Amino acid sequence: MKKYAIIVAAGSGKRMGKLVPKQFLLLKQKPVLLHTLDVFLKAFDDMQIILVVASEYVNDAKTISRSSVSPKKITITVGGETRFHSVKNGLAHVPEDAVVFVHDGVRCLLSEKLIMRCYYAALEKGNAIPSVRPVDSLRVETHNGNVVIDRDKVHIIQTPQTFDSKILKAAFMQGYQESFTDEATVVEEMGERINLVEGEENNIKITRPIDLVIAESILSERL
Ligand code: C5P
């Protein structure tokens, strides 16, 4: 089956408090986004990448793509107002008969093994959504104040959210809703059951300044 990875990197990254969006910051002298692209390109020889960036970063994205392990396998396209619109733009470049991975450009520490696990699970079940368990105790706000919830019943959702492209394309024909926080919510709205697979502790979303420190440390251990 053909393999397409839509790497979404069109966000502004306001939470990092830096002028440059987090996907373009350097980690071990290499942009965060380049780490992400290379993991996908190495996971499968026939992987094609659709890289979605904001219009003002197309030139930076081209420079980064040229430094990747397989520049010819990367198509760059422009993102939209929300993540939903960015993914929809990326999906326009994906054929019907493929497995499609949708991945946050800022999650650069995932392993090739996770990509493979998601691929085979999506082939079998139509979708594969990686998740991990919380380590902290959890409380939820109610009208009676906050109450503890059983953390064993909670899953923290990661990417690559992986789908049969027919299912994902059909789901993205729906109009945008604010409740669409990721691709799983879009597909679920069509009545599909979400198939959780084991994610990775290291597959963090580089969001806050501390995440860059953690990521540097994880990469140092790997080299
Ligand atoms: O803002 P948040 O961290 O939830 O964004 C998740 C991912 O979606 C990031 O990789 C970001 O670059 C991407 N995104 C996008 N287009 C948008 C908003 C977010 O590609 N309009």
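Our structure's up above, just so we're on the same page.
Before going into details, it helps to say that this report is about the structure given with it.

This next bit is on the overall build of the protein. Scanning the protein for helices and strands turns up 7 helices and 12 strands. Principal-axis analysis of the C-alpha atoms gives the protein an extent of 55 × 40 × 30 Å. For the protein, buried positions account for 48% of its 223 residues. Pairs at least 24 residues apart make up 72% of the contacts formed inside the protein by residues separated by at least 6 positions.

Close to the ligand lie 15 residues; Val8, Ala10, Gly11, Gly80 and Ser86 are nearest. The backbone of Gly80 places a nitrogen or oxygen atom 2.9 Å from a nitrogen atom of the ligand. Separating a nitrogen atom of the ligand from a side-chain N or O atom of Ser86 is a distance of 2.7 Å. Counting residues per element, the ones that place at least two in the shell around the ligand are strand E1 (2-9) and helix H3 (83-91). A per-class count over the shell around the ligand returns 3 nonpolar, 6 polar and 6 charged.

With that out of the way, let us pick up the state of the cysteines. A complete count under the given rule lists 0 disulfides for this structure. No disulfide involves Cys108; its sulfur sits 17 Å from the nearest other cysteine sulfur, which is in Cys118. The buried category is assigned to Cys118, whose relative accessible area is 0%.

If you add up the space inside the second largest pocket, you get close to 400 Å³. Considering the residues around the second largest pocket, the lining is formed by 20 residues, among which Arg107, Val132, Ile156, Ile157 and Gln158 are closest to the centre. For the lining of the second largest pocket, the per-class residue count stands at 6 nonpolar, 5 polar and 9 charged.

Here we take up the nonpolar core. By size, the foremost hydrophobic cluster in this structure holds 33 residues, and its most contacted members are Phe40, Ile49, Leu51, Phe101 and Ile115. With near-sequence residues (within four places) excluded, Phe40 lies in contact with Ala5, Ile7, Met47, Ile49, Phe101, His103, Leu110, Ile115 and Pro160. Counting 22 residues, the second largest nonpolar core, distinct from the first, contains Val52, Val100, Phe163 and Phe180.

Here helix H7 (residues 209-222) contains 14 residues, and its C-alpha end-to-end distance of 21 Å stays within 8% of the 20 Å for a straight helix at 1.5 Å per residue. Within the sequence span of H7, burial applies to Asp211, Leu212, Ala215, Ile218 and Leu219. The buried residues of H7 occupy an angular sector of 125° when projected down its axis, which confines them to one face. In H7, those exposed residues whose orientation departs by more than 90 degrees from the buried face are Val213 and Glu221.

Glancing now at the pattern of salt bridges. Summed over all chains, the structure comprises 9 salt bridges. When the shortest N-O distance is used, the salt bridge between Asp150 and Lys153 registers 3.5 Å. Given the relative accessible area of 40%, Asp150 is considered partly exposed. Among the ionic contacts, a cluster of salt bridges with common partners joins Arg83, Asp104, Arg107 and Glu183.

Reading the values: the criteria
Residues numbered from 1 in each chain as written. Predicted model: local features only at pLDDT ≥ 70, side-chain atom pairs only at ≥ 80, totals over all residues. Heavy atoms only, no water. Helix = DSSP H or I, 4+ residues; strand = E, 2+ residues; numbered from the N terminus. Buried < 20%, exposed > 50% of the residue type's maximum accessible area, 1.4 Å probe, protein only. Contact = heavy atoms within 4.5 Å. Near = heavy atom within 4 Å. Polar contact = N/O pair within 3.5 Å; in protein donor to acceptor, adjacent residues only side chain to side chain. Nonpolar A, V, L, I, M, F, W, Y, C, P; charged D, E, K, R; others polar. Disulfide = S-S within 2.5 Å. 1 Å grid on protein atoms, 1.4 Å probe; cavity = no way out; pocket = protein on both sides within 12 Å on 5 of 7 lines; lining within 4 Å. Points joined across faces, edges and corners; volume = space filled by probe spheres on them. Core = buried A, V, L, I, M, F, W, Y, C linked by side-chain atoms within 4.5 Å. Expected span 1.5 Å × (residues − 1). Arc of directions from axis to C-beta. Salt bridge = Lys/Arg side-chain N within 4 Å of Asp/Glu carboxyl O.

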